[in-house]
Amino acid sequence: MKLIILNDYDQASEWAAKYIRNKILLFRPGPDRYLTLGLPTGSTPMGCYKKLIEYYKMGQISFQYVKTFNMDEYVGLPRDHPESYHSFMWNHLFKHIDIKAENTHILDGNAADLQVECAAFEEKITAAGGIELFVGGIGPDGHIAFNEPGSSLVSRTRVKTLAKDTIMANARFFNGDLSKVPTMSLTVGVGTVMEAKEVMIIITGAHKAFALYKAIEEGVNHMWTVSAFQQHPQTVFVCDEDATLELRVKTVKYFKGMMHVHNKLVEPPPSLSKKN
Amino acid sequence: MPSTKSEAPVTQFTQCRVLREHRLQREDLWVRDGRILDPEKLFFDEQGYADQRVDCEGSIIAPGFIDVQINGGYGVDFSQPSEDVSSGVSFVSQKILQHGVTSFCPTLVTSPPGVYHKVLPQVKVHDGGAQGAGVLGVHLEGPFISAEKKGAHPERFLRTFQSGGIEDLMEAYGSLDNVAMVTLAPELAGSQSVVRELCRRGVTVSLGHSVANLSQAEEAVLHGASFITHLFNAMLPFHHRDPGIVGLLTSDQVPAGRTVYYGMIADGIHTNPAALRIAHRAHPSGLVLVTDAIAAMGLPPGRHTLGQQVIEIQGLHAYVAGTKTLSGSIAPMDMCVRHFKHAAGCSLEEALEAASLHPAQLLGLAERKGTLDFGSDADLVLLDDALNVKATFISGEEVWRKSP
């Protein structure tokens, strides 16, 4: 893995956004060559999305030939509910950029048959040629998407019941009313994300520090599902200082020492510097 | 093809601040088929996008202004009986687009039955468009008003209720079709059943040109009255032991769930700014800006006709000729909005809602007018930060733009 450590949330968001920007530019997507991205929701990626929107508005990138697959969606929440993940993606990314609606894919938590919906989602990913870069976050309990502790590390897209911790963490979006928080969700599986060519996990904040420690310094364990990516050939963890608080000093020093190498990945590619 | 479900063109207004949920928000505004469109639904349900983009260059987009009291303008007097009243109404409706007004209630002052019988059938409720602002219905100000508070209305045509019912109204007006509002004095004997009858027919009842005390006014509200015509003017002044009609602003007798709205002429002349602030602070959600504009609005100084009388323009003042009685205002609606914001010290949002949301709520039209909610009619006014009108739209079509 590459562990990228930035000073704060804003810098981490910017690094991640530049990484995605460069991915799009170097891939050179076109009408018969779409770039597929896996995308998360939540407070962690918001800064990254803001930056991507900036790069789009500055004319640096276009999402015309980008396809996206979101990680998850609540079951039973109306699609236009302000807390649905459809609303989140619309308000924080889609409405600000030039992506085509038919190229976005978000699981439908109100589908008549949820199993069929999950299987169909997997098929859509396959039909799109697989996911080039899957971006994700990590829960305080070390989960990726809604793959709560105990989820199989080879799981696929399916219905999951949310853990108590997750419901409590989400209550703040439902006016603190626990009874209003959805209890089930549709989520890509750990196995689904593992099949992406590359995985980028954004982790910021001290409350995520223990989970990061469990995910990269302890063994692969289905209780901390992000640990599965230790066995993926191309994983990038983008963090701020606070998220590294539970790591060994040795780990942090090693990766900080590599920053001058890793920062090359986010320098503007030649096509961009020529433009500007 | 902008969508999988409809061929209709979709317009996206960008670089704008939209008045929505009582706040100015940095959001794009989407329009299709003359109505405000929910872009999220367009995206997810229809895989749709915009055909046309209008760059608003940072302007404010507010719902089009609604003027519920306007007697004429640009030389046209709605109360003058003529063979072709509708072309006069059309002329004014086209002129007021430049003030940001997209809907209005042509107002008739106290007149003899002959005038009502001739004029009313010619003024129909109709939608606005490139030809002019929409007519929501006529506002009949009089003749069932108080002699003591007639203001500029001609005394000889004032009436009282004889039978206390629909017969009085029909005799005076001829018909209530196309009537949106009636102003009357509730202290007139027999008014209660008239108020009830008008409300039953969907006509808004307003109290004005009256010497009613607070309990008489409250009783009228209980029977359905919901508006006060130009607060402070042509009514008893506020008195601390009997606040009169003005007391409705803070009355505890207004039935739950109902609001009493009140018109304010914010031209800097009809109401002292301190009085305007007292009213606004006492009851901000009821304030409705009206122009009460007369035929002389938009015309140079001089003598002009209003109803059955002659008036004289001096600067921004309009008097009954030969007196110092105010005869009406000549300040256009956008000037009233600017003056109101300045005098009341209120927010941009409050000033704009006083000219759009509140009149729509008063007339029971807030489902489709007076807001920029999804599904509402796309009647819009584009303004700069000083609230000067830059462009006006009706049903999503540009109907006026300020020349550079």
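What you see is a predicted model, and the numbers here were worked out from it, not measured in a lab.

A. View of the overall build of chain B. In terms of helices and strands, chain B carries 10 helices and 24 strands. For chain B, the C-alpha radius of gyration of 21 Å lies close to 22 Å, the compact-globule estimate for 404 residues. The principal-axis extent of the C-alpha atoms belonging to chain B is close to 65 × 45 × 40 Å. Counting across all 404 residues of chain B, residues that qualify as buried make up 59%. Only carbon and sulfur atoms are counted for the fraction: they give 49% of the accessible area of chain B, which is about 15,600 Å². Here chain B carries 32 positive and 45 negative side-chain charges, and the mean point of each set is 3 Å from the other.

B. Highlighting the UniProt feature "active site" (unreviewed entry) in chain B. The UniProt entry lists Asp292 of chain B under the feature "active site" (unreviewed entry), expressed in the numbering used here. Leave out the neighbours within four places in its chain, and Asp292 of chain B touches Gln69, Asn71, Glu141, His230, Ile265, Gly328 and Ser329 of chain B.

C. Up close: helix α8 (residues 333-344) of chain B. Residue and element names in this part refer to chain B. Helix length check: α8 (12 residues) gives 16 Å between terminal C-alpha atoms against 16 Å at 1.5 Å per residue, within 8%. For α8, the complete set of buried residues consists of Met333, Asp334, Cys336, Val337, Phe340, Ala343 and Ala344. Those residues of α8 hidden inside the fold are in contact with β8 (65-70), β11 (101-109), α7 (273-282), β18 (287-289), α9 (348-354) and β23 (389-394). Positive backbone phi, at 65°, marks Gly345, one or two positions downstream of α8.

D. Region of interest: the pattern of salt bridges. Under the defined criterion, the tally for this structure stands at 27 salt bridges over all chains. Where Arg156 of chain A meets Glu122 of chain A, a salt bridge forms, and the shortest distance between an N and an O atom there is 2.8 Å. Of the two residues, Arg156 of chain A is situated in the loop between β6 (133-136) and β7 (158-161) and Glu122 of chain A in helix α4 (residues 114-127); the sequence distance between them amounts to 34 residues. For Arg156 of chain A, a relative accessible area of 32% corresponds to the partly exposed category. A residue is classified by how much of its surface remains accessible, and Glu122 of chain A, at 15% relative accessible area, is buried. Across the pair Arg35 of chain B and Asp377 of chain B runs a salt bridge whose closest N-O atoms are separated by 3.9 Å. Of the two residues, Arg35 of chain B sits in strand β5 (residues 35-37) while Asp377 of chain B sits in the loop between α10 (357-362) and β22 (380-383), which places them 342 residues apart along the sequence. One network of salt bridges, with partners in common, ties together Arg35, Arg368, Lys369, Asp377 and Asp379 of chain B.

E. Structural view of the sheet that holds strand β4 (residues 29-32) of chain B. All names here are of chain B. On the basis of which strands lie adjacent, the open sheet formed by 4 strands has the order β5-β4-β1-β6 and mixed pairing. In this open sheet, the two strands that pair with only one neighbour each are β5 and β6 (52-55). Going across the sheet, the axis of each strand differs from the next one's by a mean of 35°, ignoring polarity. Across 4 bridges, strand β1 (residues 10-14) lies against β4 in antiparallel orientation. Across the sheet, the residue bridging to Thr11 is Val31, located in β4. Running over the sheet, helix α1 (residues 39-46) touches β1, β4 and β5 and is turned about 65° from β4.

F. Layout of the sheet that holds β7 of chain A. Residue and element names in this part refer to chain A. Pairing is antiparallel in the open sheet, where 3 strands are placed in the order β4-β8-β7. The strands lining the two open edges of the sheet, one partner per strand, are β4 (72-74) and β7. Neighbour to neighbour, the strand axes of the sheet diverge by 30° on average, direction disregarded. The pairing of β4 with strand β8 (residues 184-187) spans 3 bridges and is classified as antiparallel. Residue Glu73 lies in a different strand from β8, and its bridge partner there is Leu186. This element, α4, spans β7 and β8 of the sheet and lies at about 120° to β7.

About the cut-offs
- Residues numbered from 1 in each chain as written.
- Chains lettered and ligands numbered in written order.
- Predicted model: local features only at pLDDT ≥ 70, side-chain atom pairs only at ≥ 80, totals over all residues.
- Heavy atoms only, no water.
- Helix = DSSP H or I, 4+ residues; strand = E, 2+ residues; numbered from the N terminus.
- Rg over C-alpha atoms; globule rule 2.2 N^0.38 Å.
- Buried < 20%, exposed > 50% of the residue type's maximum accessible area, 1.4 Å probe, protein only.
- Areas by Shrake-Rupley, 256 points an atom, 1.4 Å probe, with all protein chains shown as cover.
- Lys, Arg positive; Asp, Glu negative; His and termini not counted.
- Charge placed at Lys NZ, Arg CZ, Asp CG, Glu CD.
- UniProt positions renumbered as here; feature names shortened; annotations may be inferred.
- Contact = heavy atoms within 4.5 Å.
- Expected span 1.5 Å × (residues − 1).
- Salt bridge = Lys/Arg side-chain N within 4 Å of Asp/Glu carboxyl O.
- Pairing = 2+ DSSP bridges.
- Axes fitted to C-alpha atoms, helices over the stretch in contact; angles between N-to-C directions.

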